Amino acid sequence: MPSSPKGFGLLWDHCKGCTPQSLAQLIEHPNLVNVSALAEYAKSIGNAGLIDHVGNLSATRAFVYRGSKDACYTQRVMEQTAEFFSHFADDSGSQVKFIDDVPSLHCIPTLKTGTPCGTELHGPSAYAPNAMHGLEACNYDGPGEALQHIYNSTLNKPQNGSAIDRDRIFAFDQQPFGMLNKSSPDMAFADAGYMYIPKSCERSNSSVSIPPCKLHVFFHGCGSAFNSGSKGGVDYGFNYTFIEHGGWSAWGEKNNIVIIYPQKDATKETCWDGYGWGGPYWATKKGGQMAAVWRLVQHVVGKNLT
């Protein structure tokens, strides 16, 4: 199989290719970004072997989302993200989808789960037990729309975004994959990550064959790791919110997709490295986060991928 993913679902996304010094400036002044130059740079480091060859993206499908009330990232920034993927697609019109007309804030939109669309909770109530943190009820199934686009409308729809078997949620030790709980922002991983494994994907020692299962990796947003907001007590914080109610697990359950939820440590740094914290190679195969997540993916798949 190719080492590049089949597709990307970019909801609640952050700047790619930025340094800490340039991030705020690029968000405020996206006209400074030369997408064509970034695409050529990606080609050059692909040819050098620092990332997979961009030719692997020719058939890849990308779903990009920005709520129309998002005050974190401008319309143009997300348009440029879609444009970047369009540079490599064989048919960008069908392969790259950009949704920007749902009136949500910086969130993951759902059909019915979460705060009312375009609103958010503040203060202690934002992380109270059973609060649907980071989710907004917008009558729009963001995770489902993303996965359906990635798989070209071949998936079966679950009953709802919480239609899962909670016993199929498994915690796993992240450290064997190089996800170390360090103090540096790029490598401040939590000790445990989580995985949703549909019963149909479970391996057994019997001779009964199981259908091939797909794999999706969900990267939580800034401020939405498992232990985000947990200072209010053990029942406070995000906890299982995304895993149980975000919709990814429900779509996985219905369609034989294993969902991995790797975790940062919110007590140190909850964001993934979209900012260059990991040094000059942060966005390449040599980057600490990139290498760690790839080791995890290979372990789950059960083979060395090239």
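Residues numbered from 1 in each chain as written. Predicted model: local features only at pLDDT ≥ 70, side-chain atom pairs only at ≥ 80, totals over all residues. Heavy atoms only, no water.

Chemist: Please explain helix H3 (residues 75-86) as it appears in this structure.
Modeler: Turn by turn, an α-helix covers 3.6 residues, leaving residues three or four places apart pointing in a common direction. Look at H3: 17 Å from first C-alpha to last across 12 residues, which is about the 16 Å you get at 1.5 Å a residue. Those residues of H3 lying buried are Val77, Met78, Gln80, Thr81, Ala82 and Phe85. (Helix = DSSP H or I, 4+ residues; strand = E, 2+ residues; numbered from the N terminus. Expected span 1.5 Å × (residues − 1). Buried < 20%, exposed > 50% of the residue type's maximum accessible area, 1.4 Å probe, protein only.)

Chemist: Explain the packing of helix H2 (residues 35-47) against H3 here, please?
Modeler: Packed helices, taken two at a time, are described by the angle their axes make and the gap between the axes. Relative orientation of the contacting elements H2 and H3 amounts to 45°, with a least axis distance of 9 Å. The orientation of H2 relative to H3 falls into the category oblique. Considering how the two elements wind past one another, H2 and H3 form a crossing that is right-handed. Contacts between H2 and H3 involve Val35, Leu38, Ala39 and Ala42 from the first element and Gln80, Glu83 and Phe84 from the second. Classifying every residue of the contact of H2 with H3 gives five nonpolar, one polar and one charged. (Axes fitted to C-alpha atoms, helices over the stretch in contact; angles between N-to-C directions. Parallel < 35°, antiparallel > 145°, perpendicular 65-115°, else oblique. Left-handed = near helix turned anticlockwise from the far one by under 90°. Contact = heavy atoms within 4.5 Å. Nonpolar A, V, L, I, M, F, W, Y, C, P; charged D, E, K, R; others polar.)

Chemist: What is the right way to look at the state of the cysteines in this model?
Modeler: Disulfide: a covalent bond formed between the sulfur atoms of two cysteine residues. Enumeration according to the criterion identifies three disulfides in this entry. The side chain of Cys222 participates in a disulfide bridge whose partner is Cys271; the two sulfur atoms lie 1.9 Å from each other. Residues Cys222 and Cys271 are joined through a disulfide that is right-handed, its torsion about the S-S bond being 130°. Residue Cys222 is found in the loop between strand E9 (214-217) and helix H6 (241-245), and its partner Cys271 is found in the loop between strand E10 (257-261) and helix H8 (288-301); the two are separated by 49 residues along the sequence. The thiol of Cys72 is not disulfide-bonded; the next cysteine sulfur, from Cys222, is found 7.7 Å away. (Disulfide = S-S within 2.5 Å.)

Chemist: It is not clear to me how the environment of Gly118 should be interpreted in this structure. Could you clarify?
Modeler: Along the chain, Gly118 turns up in the loop between strand E5 (115-116) and strand E6 (135-137). Spatially, the C-alpha atoms of Gly118 and Ser68 are 8.8 Å apart, while their sequence positions differ by 50 residues. Residues contacting Gly118, with those up to four places away along its chain left out, are Lys69, Pro103, Ser104, Leu105 and Glu136.

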